[in-house]
Amino acid sequence: MIIDTHLHTIDTERLSYPWLAKAPTLNRNFSLQNYETEAKRCGITHALHMEVDVAEADIENESMMVAEYIAKTSSIVCGAISACRPEFEDFAHFLDRQLANPIIKGLRRVLHDRPDDLSTTTVFKDNVKRLSDTKLPFDIVVFPHQMPLAIALVDHCTDVQFVLDHLANPPLKEHDLGIWSGHISEIAKRANVAVKISGMLNNADPVSWTVDSLRPAFEHCISAFGWDRVVWGSDWPVVTLGGTLSTWVAATHALLVGTSVSERQSLLAGNAQRIWHL
C-alpha cells in the first residue's frame, strides 16, 4: 500500500488559481484521471488531495470538487487537505464547517511565498491552536530560511499535529544543506511534527539529479524524525518539473533499499493512516 498525501489537481475552468500566472509550465488542467492512471500503475492505492492555493472565494468550492472525486467508486482519493485563512478573525466559523465535513482530513495555509510575518500574529497562532481539540493536522510549507517561524508556530500550538511539507524545501540544487539540516534537527525535537517526503524533484536540478543526490536530505530527515514521523507525497503535478510521478516512485523505492518492511510500511502508508485518521 502507498498512500499519496500530496496530490494536486488543477481545473482552470472550475476554479481560480492566481499563482498560475507566474507558473506557465503548470498553467493548464491536470485531471484526476491522468493522475490515477499513472498512480495505480505505480502501486498508489489511496491519495489525499492537497489544496492548490485557489483564490480565497474558491476554497470550499475546491473541497466540493474533491467530494465529487471521492463519490466515484473507482477513485483512490480518500480525503482533502483544505486551504484555510487562520489570519482571519472569523476562522472559528470556517473551522466548524470543516469539522462537519467528513472529507476534510487536514488544513494548510501556504506560507513560503507570503510575507514572513503572516504566521507571527496572535490571531494566526491562536486560530491554528484551535486545531488542538480536533483530529485535523496542519500542513506547513516553508523555505529553509523561514524555519524559525515554523518552529515558533509549532511551539505556540504544542497539541496540534503539524506536517512539514517537502522536507522544508532543501536547497538540493546548491548542494549546501548546512543551514537546512540544522533547522530540520531543531524542529524534529518537537514530537507533534512529522515530515513529508515530497517535493524533492522540484527542489533538485531537473536535468542532473540522481538518487544519490537526493539521499543526504532524505537520510537526514529519517535520522531526525525517525520512521514513525515520516509520510510520503507525490506533489503531482509539480513533480513533473523534475521528472514524472513514476520516476519519483522509483526514486523513493531506491532510497528505501536496505530498510525493513516495517520501516517502508510506516513511510508509505502506516503513518499517514494514523496522522490523518484514514
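Being a predicted model, the structure only gives us computed values, none of them experimental.

Draft legend 1. Highlighting the packing of aromatic side chains. Applying the stated rule across the entire model yields five aromatic pairs. Residues Y35 and W236 carry aromatic rings whose centres are separated by 5.4 Å and whose planes lie at 50 degrees to one another, so their mutual orientation is tilted. Note that Y35 is positioned in helix 1 (residues 32–42) and W236 in the loop between strand 8 (230–232) and helix 9 (245–255), a separation of 201 residues in sequence. Neither residue differs from the other here; Y35 and W236 are each classed as buried. Aromatic side chains W232 and W248 sit 6.2 Å apart centroid to centroid with 15 degrees between the ring planes, which places their arrangement in the stacked category. With W232 in strand 8 and W248 in helix 9, this pair connects stretches of sequence that are 16 residues apart.

Draft legend 2. Summary view of the environment of D235. Mapped onto the fold, D235 is located in the loop between strand 8 and helix 9. The exposure class assigned to D235 is buried, which follows from its relative accessible area of 4%. Along the primary structure D235 and R14 are separated by 221 residues, whereas in three dimensions their C-alpha atoms are 21 Å apart. D235 has contacts with H6, H8, H166 and G199, leaving out every residue within four places of it along the chain. A distance of 3.2 Å separates polar atoms of two side chains, one belonging to D235 and the other to H8.

The rules behind these values
Residues numbered from 1 in each chain as written. Predicted model: local features only at pLDDT ≥ 70, side-chain atom pairs only at ≥ 80, totals over all residues. Heavy atoms only, no water. Phe/Tyr/Trp six-rings, centres within 6.5 Å; stacked < 30°, edge-to-face > 60°. Helix = DSSP H or I, 4+ residues; strand = E, 2+ residues; numbered from the N terminus. Buried < 20%, exposed > 50% of the residue type's maximum accessible area, 1.4 Å probe, protein only. Contact = heavy atoms within 4.5 Å. Polar contact = N/O pair within 3.5 Å; in protein donor to acceptor, adjacent residues only side chain to side chain.

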